[in-house]
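Structural characterization, general
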Amino acid sequence: MEVRRTAPVKLVVPDEYHDDLHETAEQFRYCANEASDYCWDNTSYEDCITSNVPARNALYDRLREETSLTANLVQEAIRRAVHAVDSGVDRWKKGKRTNKPEFTSWSMVYDKRSATFYRNKISLSTVNGRIECDFELPADSPTPYEEYVLSEGYEFRTSTLQYDQATNEFYFHVKTRKVDGDGDAIEIEVSDDTGHQTVLGIDLGVNSLAVASTGTFWSGDKYDHWIREFEKRRAKMQQRGTQAAHNAVLRLGKRERAWRKQYIHTVANEMVSEAVAQDCDVIVFEELTDIRERLPHADWHHVWAFRRLIEYVEHKAPHRGVAVEQVEPAHTSQRCSRTDCGFTHEDNRDGEQFQCLKCGYEINADYNGAKNVGLRYMRKRQHSLRSSPTSGGADAPVDVRVTGGTLNGDGYRPIADS
Ligand SMILES: [Zn+2]
């Protein structure tokens, strides 16, 4: 594994240069999307272009003509698209879901020629020539910048320039790699973890014990049935009032607890398998805060089941490479899960049926809830990626796995045929 470091640096960009950078980023995105369009082929991965040279030969002249970008920025945009197409083809070959890569975020790649470092400033290529910006370095030393960028042990590779709309600030994520005394990279590059996540949202309830955003239901009927059977038997025994009956009640309690745990283990296993089968990275539940108020029909054994289920899934999922997260509950059952709507009203829900009073969307109420749990996590994560300069996550979108496709901020996307 190669030793790589990413050092985020805040740039002090004079106001008069902001437009230059915005325009440069837009043209960069245009080039990357054009290249993705050219390299991707929906009919067969054999026809996708996954190496840089043929893509550059086909696209470079046209993109230079159509944009005001410098040669190196055009080349990096093409490289970014080829890399994303290559990752997509890898997934496709493994039978995983995949789509033509699309670039929507404010993010561009600078190489050694389009960005030049000085100790306290940087010079960047833009559509209007080069601009110089200062760094804002943290007070504590040594900073990552000094340690990794200016250090002779590390070699500057490429960097990603990102813009935080909320604060109107620019961040430069400097990628370096460790080199030995002769300036050779010690080891080769391994992975490109883009941080992309696919989410399985889970809604817990009484009608159905659990519903996944993929439309898989775990009915509560069997669970409720056996709980009632145990209660009946217990009541019968208690009526006898003998010591023998008392002992039998204790044994029954033990058996019931074992049965309940076994049942929830089975549901937890199936849920983790569902996440793995649907290629999800994260299973998301709602926090159980105020669950009794939110689900007035839930009794103690439902709440017990919810707690155990989350606990078991949290234990099992990491062994199969799946993370578990919880989000705050907020009108999951009342909000329309269509991403272009989101209308929230208590009258949207009528028992097991959800019908949006605004857009008319009709769907099973628990399934609607499961999608909303996934979407809440998606928004939360996107928000924290945007507000964190250290995440390097400009191209780390989140989508929610639903029946036949995925949902993200741009709406629904079917899974590409494979
Ligand atoms: Zn709606």
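Residues numbered from 1 in each chain as written. Predicted model: local features only at pLDDT ≥ 70, side-chain atom pairs only at ≥ 80, totals over all residues. Heavy atoms only, no water.

**Observations concerning the layout of surface pockets**
Of the voids in this model, the second largest pocket is the one considered here, and its volume is about 600 Å³. Together, 25 residues line the second largest pocket, and Arg294, Leu295, Pro296, Ser333 and Arg349 are the ones closest to its centre. Residue assignment for the lining of the second largest pocket shows that the elements contributing at least two residues are strand 8 (197-204) and helix 7 (291-294). The leading source of residues in the lining of the second largest pocket is strand 8, at three residues. Across the lining of the second largest pocket, the residue classes tally to 10 nonpolar, nine polar and six charged. (1 Å grid on protein atoms, 1.4 Å probe; cavity = no way out; pocket = protein on both sides within 12 Å on 5 of 7 lines; lining within 4 Å. Points joined across faces, edges and corners; volume = space filled by probe spheres on them. Helix = DSSP H or I, 4+ residues; strand = E, 2+ residues; numbered from the N terminus. Nonpolar A, V, L, I, M, F, W, Y, C, P; charged D, E, K, R; others polar.)

**Observations regarding the coordination of the zinc ion**
Coordination of the zinc ion by the protein involves Cys336 (SG), Cys341 (SG), Cys356 (SG) and Cys359 (SG), with metal-donor separations of 2.3 Å. Classification of the site at the zinc ion as tetrahedral follows from its four donor atoms and the range of 106 to 111° in their angles at the metal. Each donor residue of the zinc ion lies on the same chain, and together they follow the pattern C-x4-C-x14-C-x2-C. With Cys341 in the loop between strand 12 (323-327) and strand 13 (349-350) and Cys356 in the loop between strand 14 (353-355) and strand 15 (362-364), this residue pair connects regions lying 15 residues apart in the sequence. (Donors = N, O, S within 2.8 Å, 3.2 Å for Na, K, Ca; no water. Tetrahedral: all angles 85-135°; square planar, octahedral: opposite > 155°, others 65-115°.)

**Brief notes about the sheet that holds strand 14**
Taken in spatial order, the three strands line up as 13-14-15 in an open sheet, and their pairing is antiparallel. What marks the edges here is a single partner per strand, and that holds for strand 13 and strand 15. Relative to strand 15, strand 14 runs antiparallel, the two being bridged by three bridges. When the bridges of strand 15 are listed, Phe354 appears paired with Ile363. (Pairing = 2+ DSSP bridges.)

**A word on the confidence of the model for the protein chain**
Of all residues in the protein chain, 83% attain a pLDDT of 70 or more, and the chain-wide mean is 82. By mean pLDDT, helix 4 (residues 144-149) is the weakest element of the protein chain at 51, and helix 1 (residues 15-39) is the strongest at 95. Predicted confidence is poor over residues 181-194, with pLDDT under 50, and the contacts of this stretch with residues over four places away or in other chains come to 20 contacts. (pLDDT = per-residue confidence, 0-100. Contact = heavy atoms within 4.5 Å.)

**A look at unusual backbone geometry**
If you check the backbone angles, Asp279 has positive phi at about 65° while not being a glycine. Classification of Asp279 as buried rests on a relative accessible area of 15%. Notably, Asp290 is not glycine yet its phi reads approximately 55°, a positive angle. Locating Asp290 in the fold gives a position in the loop between strand 11 (282-286) and helix 7. (Buried < 20%, exposed > 50% of the residue type's maximum accessible area, 1.4 Å probe, protein only.)

**Quick look at the pairing of strand 17 (residues 405-408)**
In strand 17, alternate side chains face the same way, and those of Gly405 and Leu407 on one face and Thr406 and Asn408 on the other are all buried. Connecting the antiparallel pair strand 16 (residues 398-402) and strand 17 is a turn made up of two residues, with Gly404 showing a positive phi of about 75°.

**Things to note about the side chain of Arg234**
Residue placement: Arg234 occurs in helix 5 (residues 221-240). Residue class for Arg234 comes out buried when judged on its relative accessible area of 18%.

**Topic: the packing of helix 6 (residues 243-277) against helix 8 (residues 300-316)**
For any two helices packed against each other, one specifies the crossing angle of their axes together with the interaxial distance. Relative orientation of the contacting elements helix 6 and helix 8 amounts to 50°, with a least axis distance of 9 Å. One element, helix 6, and the other, helix 8, form an angle in the oblique class. Like other packed secondary-structure pairs, helix 6 and helix 8 cross with a definite hand, here right-handed. Here Arg260, Lys261, Ile264, His265, Val267, Ala268, Asn269, Met271 and Val272 of helix 6 come into contact with helix 8, specifically with Trp300, His301, Trp304, Ala305, Arg308, Leu309, Tyr312, Val313 and Lys316. For the contact of helix 6 with helix 8, the class distribution of residues is 11 nonpolar, three polar and four charged. (Axes fitted to C-alpha atoms, helices over the stretch in contact; angles between N-to-C directions. Parallel < 35°, antiparallel > 145°, perpendicular 65-115°, else oblique. Left-handed = near helix turned anticlockwise from the far one by under 90°.)

**With respect to the pattern of salt bridges**
A complete count under the given rule lists 15 salt bridges for this structure. The closest approach of N and O atoms between Arg62 and Glu66, which form a salt bridge, is 3.2 Å. Placement of both Arg62 and Glu66 in helix 2 (residues 52-66) is noted, with a separation of four residues, approximately one turn of the helix. Residue classification places Arg62 among the partly exposed residues on the basis of a relative accessible area of 32%. (Salt bridge = Lys/Arg side-chain N within 4 Å of Asp/Glu carboxyl O.)

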